[in-house]
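Okay, here's what each chain looks like letter by letter:
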Amino acid sequence: MPPSAIPEPGVRPSDFRFHCIDCSHWSDSASPDYRCPRCGDLLEISYPEWNKSGMSSRASGVSANDLKSTWKQRRLSSAPADLSGVWRFRELLPALNDGHVVTLREGNTPLYEMPQCARIAGVPHLSAKHQGMNPTGSFKDAGMTVAASFAHHAGYRWIACASTGNTSASMAAYAARGGMRSLVLVPEGKISWSKLSQALDYGAVTCQLRTDFDGCLRLLQELVLRAPVHQLNSINPFRIEGQKTLAIELMEQMDWQLPDHIIVPGGNLGNSSAIGKALLEMRDLGLISRLPKLSVIQAEGANALVRTLREAGGKRLIGVNAETRATAIRIGNPASWKKAVRVLEATGGACEQVSEVEMAQAKAEIGAEGIGCEPASAVTLAGLKKLVKQGFVKAGERVVLILTGNLLKDPDFTIEFHRGDLFAGTPHESTMTALSTLRRPPIVLDATLDEVLRTLEQADKTAPSG
Ligand code: F0G
């Protein structure tokens, strides 16, 4: 028998309802496309029993400090739900009646000091929360454990998603763990082989569609109305609830001493929405006393949120034809743009864009720190540099970057960068020479001691100064 999870007297997972983000319609259930039955906008999960003065009435008498110590205490437990860095925080998640969670021990991701990148960006305190250290190598696992558990609980045989690669890898793994089948829709030729190989290995039915991510997502939305498949994109609000725990765990790792600024990449904008929701809820529940700024960084070629804010004041979505080597965020019509706009407004964060070259440079700098990440994650450091130059991030501020994907997710990008042909034949080609000091191309030699010694000597002369 598995060990049982640590409950705490008076602390219980929360009852929830669905709430439309636009017309505020409340409902106890959601249609398969997770759209509001009245206005068609997105739904979010809300907890009507929570009140501003503390925890829910069902958990009355429980203070923020009790919650913090319960969560800490669970680190000593070996029950599956407590070993999960997501379900450990289950009081802030929707209650799962049967308590059976589909888990790969997600979450529990490291927070790294980044002294070299701090110097480069010009800030005194910089750290990175590495969500790429999750079981399938991206932040998606935190949301997927919750969405897959609820799909399993509801008895679905098939779960499905549209993806730029990471969602599909994660969903396929959790489907397999939960005994469900999975259907993946990805844009043909536009996702990395690593991510595609994960979906195949975890047993998904994988369709490479001749369209982009936005086309895949549109098709999925129609499919779920016609076939008994359950959609697990971040339109599914259970995903958002799981992804909230990134922010809770971050605060715990910082001993509840808030950073001034959190910086996250923006694609379909589910993650920024989730982090923002967590920050607001933690403030309302008295777990934190103020809000850090949450800023979203996009690639210049996939900058729908940047344009939506600059050209339409955040009132209507300005979609784009997305193009970037950071295939994870190659998204032109982000589904959660309204949620992200609200989060930026509530926390006072900024929305910036970075070029392909700025992103490639930042990725190499994160790699040189011994951390590494996939290209989409590196927009955070590139964006931070811009925000410092603009004076938006002030001297002395404590900044946390959210690295969303593992270095091994896109080896082609890394190898092409170091070989020097990442931007061959593109307008960025000439700018690449400026990055030559960061490049470490592989060296082919005859297998002799002399050759290796000569190479070592040469490299020692050009070693980067510490
Ligand atoms: N970083 C990585 C590594 C991603 O895979 C994604 C999104 C993002 C950032 C952007 O996050 O969409 O919540 O704003 N990947 C999705 C996918 C779309 O299908 O894997 P977002």
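As the structure is a computational prediction, the values presented were derived from the model and not from experiment.

**A closer look at the sheet that holds strand E8 (residues 205–209)**
Each strand in a sheet pairs with another by means of backbone hydrogen bonds, the pair being arranged parallel or else antiparallel. Taken together, four strands build an open sheet; the order of strands is E8-E7-E6-E9 and the sheet is parallel. The open sheet has two free edges, formed respectively by E8 and strand E9 (229–231), since each of these has just one partner strand. Strand-to-strand, the axes of this sheet are offset by a mean angle of 25°, without reference to chain direction. Each of strand E6 (158–162), strand E7 (181–187), E8 and E9 touches helix H7 (residues 213–226); the most contacted strand, E7, lies at about 145° to it.

**Structural notes on the sheet that holds strand E11 (residues 293–299)**
As summarised here, the arrangement of the six strands in space is E4-E5-E13-E10-E11-E12, forming an open sheet in which the pairing is mixed. Two strands lie at the open edges of the sheet, namely strand E4 (111–113) and strand E12 (351–354), each paired on one side alone. The sheet shows a mean angle of 25° between the axes of neighbouring strands, direction not considered. The sheet strands contacting helix H12 (residues 337–347) are E11 and E12, and the helix crosses E11 at an angle near 135°. Contacting strand E5 (125–130), strand E10 (261–265), E11, E12 and strand E13 (398–403), helix H14 (residues 375–389) crosses the sheet at an angle of about 135° to E10.

**A few points about the state of the cysteines**
All told, the structure shown has zero disulfides when counted by the stated rule. With no disulfide partner, Cys20 has as its closest neighbouring cysteine sulfur the one in Cys39, 3.5 Å distant. In this structure Cys161 is not part of a disulfide, and its nearest cysteine sulfur, from Cys216, lies 9.5 Å away.

**Comments concerning unusual backbone geometry**
One non-glycine residue with positive phi stands out, namely Tyr34, at about 50°. Secondary-structure assignment places Tyr34 in the loop between strand E2 (26–27) and strand E3 (43–46).

**Looking at the pattern of salt bridges**
Side-chain pairs of opposite charge can arise whenever the charged atoms involved come near each other. Throughout the structure, instances matching the rule amount to 24 salt bridges. Close ionic contact of Lys277 with Glu241 constitutes a salt bridge, the shortest N to O distance being 2.7 Å. In this pair, Lys277 is assigned in helix H10 (residues 270–284) and Glu241 in helix H8 (residues 237–243), connecting sequence segments 36 residues apart. Pair check on accessibility: Lys277 and Glu241 agree, each one buried. Residues Asp284 and Arg283 are paired through a salt bridge, measuring 3.4 Å at the closest nitrogen-oxygen approach. On the basis of relative accessibility, which here comes to 27%, the residue Asp284 falls in the partly exposed class. Residue Arg283 is classed as partly exposed on the basis of its relative accessible area, which comes to 35%. Connected through shared salt-bridge partners, Arg74, Asp82, Arg90 and Glu91 make up one network.

**Regarding the site of the ligand**
With respect to spatial proximity, 19 residues lie near the ligand, and among them Ser163, Gly267, Asn268, Leu269 and Thr404 are the closest. In this structure, Asn268 approaches the ligand through a main-chain N or O atom, which is 2.7 Å from an oxygen atom. Separating a nitrogen atom of the ligand from a side-chain N or O atom of Thr404 is a distance of 2.7 Å. Relative to its free-state accessible area of 470 Å², the ligand is covered by the protein chains to the extent of 99%.

**Observations regarding H14**
The terminal C-alpha atoms of H14, which comprises 15 residues, lie 22 Å apart, in line with the 21 Å expected from a rise of 1.5 Å per residue. Within H14 the residues assigned to the buried category are Pro375, Ala376, Ser377, Ala378, Val379, Thr380, Leu381, Ala382, Gly383, Leu384, Lys385 and Leu387. Gly391 lies just past H14 and shows a positive phi near 80°.

**Points about the nonpolar core**
By size, the foremost hydrophobic cluster in this structure holds 91 residues, and its most contacted members are Met251, Leu279, Met282 and Leu287. Top contributing element to this core by residue count: helix H4 (residues 140–153), with seven residues. Core analysis: the next-biggest nonpolar cluster, separate from the first, contains 41 residues, Cys117, Val357, Ala378 and Met432 among them.

**Focus: the pairing of E13**
Burial within E13 is extensive, with five of its six residues counted as buried. Note that E5 and E13 share six bridges and pair parallel. When the sheet's bridge partners are listed, Ser127 is paired in E13 with Val400. Sheet topology places E10 next to E13; three bridges connect them, and they run parallel. Across the sheet, residue His261 finds its bridge partner in E13, namely Val399.

**Comments concerning the environment of Glu249**
Along the chain, the position of Glu249 falls in helix H9 (residues 245–253). Dropping the residues within four chain positions of it, Glu249 is found in contact with Gly85, Arg88, Phe89, Gly107, Asn108, Thr109 and Lys129. A polar contact of 3.1 Å, which involves the side chain of Glu249, links it to the backbone nitrogen of Thr109.

**Thoughts on the packing of aromatic side chains**
On inspection of all chains with the given rule, the structure shows ten aromatic pairs. Centroid distance Phe18 to Phe238: 6.0 Å. Interplanar angle 85°. Geometry classified as edge-to-face. Of this pair, Phe18 sits in strand E1 (residues 17–20) while Phe238 is found in helix H8, placing the two residues 220 residues apart along the sequence. Accessibility assignment for this pair places Phe18 and Phe238 in one class, buried. Relative to Trp256, the ring of Trp71 lies with its centre 6.3 Å away and its plane at 25°, an arrangement referred to as stacked. With a gap of 185 residues between them, Trp71 in helix H1 (residues 64–73) and Trp256 in the loop between H9 and E10 connect regions that are remote in the sequence. By way of ring pairs, the aromatic residues Phe16, Phe18, Tyr34, Phe150 and Phe238 are connected into one cluster.

Parameters and conventions
- Residues numbered from 1 in each chain as written.
- Predicted model: local features only at pLDDT ≥ 70, side-chain atom pairs only at ≥ 80, totals over all residues.
- Heavy atoms only, no water.
- Pairing = 2+ DSSP bridges.
- Helix = DSSP H or I, 4+ residues; strand = E, 2+ residues; numbered from the N terminus.
- Axes fitted to C-alpha atoms, helices over the stretch in contact; angles between N-to-C directions.
- Contact = heavy atoms within 4.5 Å.
- Disulfide = S-S within 2.5 Å.
- Salt bridge = Lys/Arg side-chain N within 4 Å of Asp/Glu carboxyl O.
- Buried < 20%, exposed > 50% of the residue type's maximum accessible area, 1.4 Å probe, protein only.
- Near = heavy atom within 4 Å.
- Polar contact = N/O pair within 3.5 Å; in protein donor to acceptor, adjacent residues only side chain to side chain.
- Areas by Shrake-Rupley, 256 points an atom, 1.4 Å probe, with all protein chains shown as cover.
- Expected span 1.5 Å × (residues − 1).
- Core = buried A, V, L, I, M, F, W, Y, C linked by side-chain atoms within 4.5 Å.
- Phe/Tyr/Trp six-rings, centres within 6.5 Å; stacked < 30°, edge-to-face > 60°.

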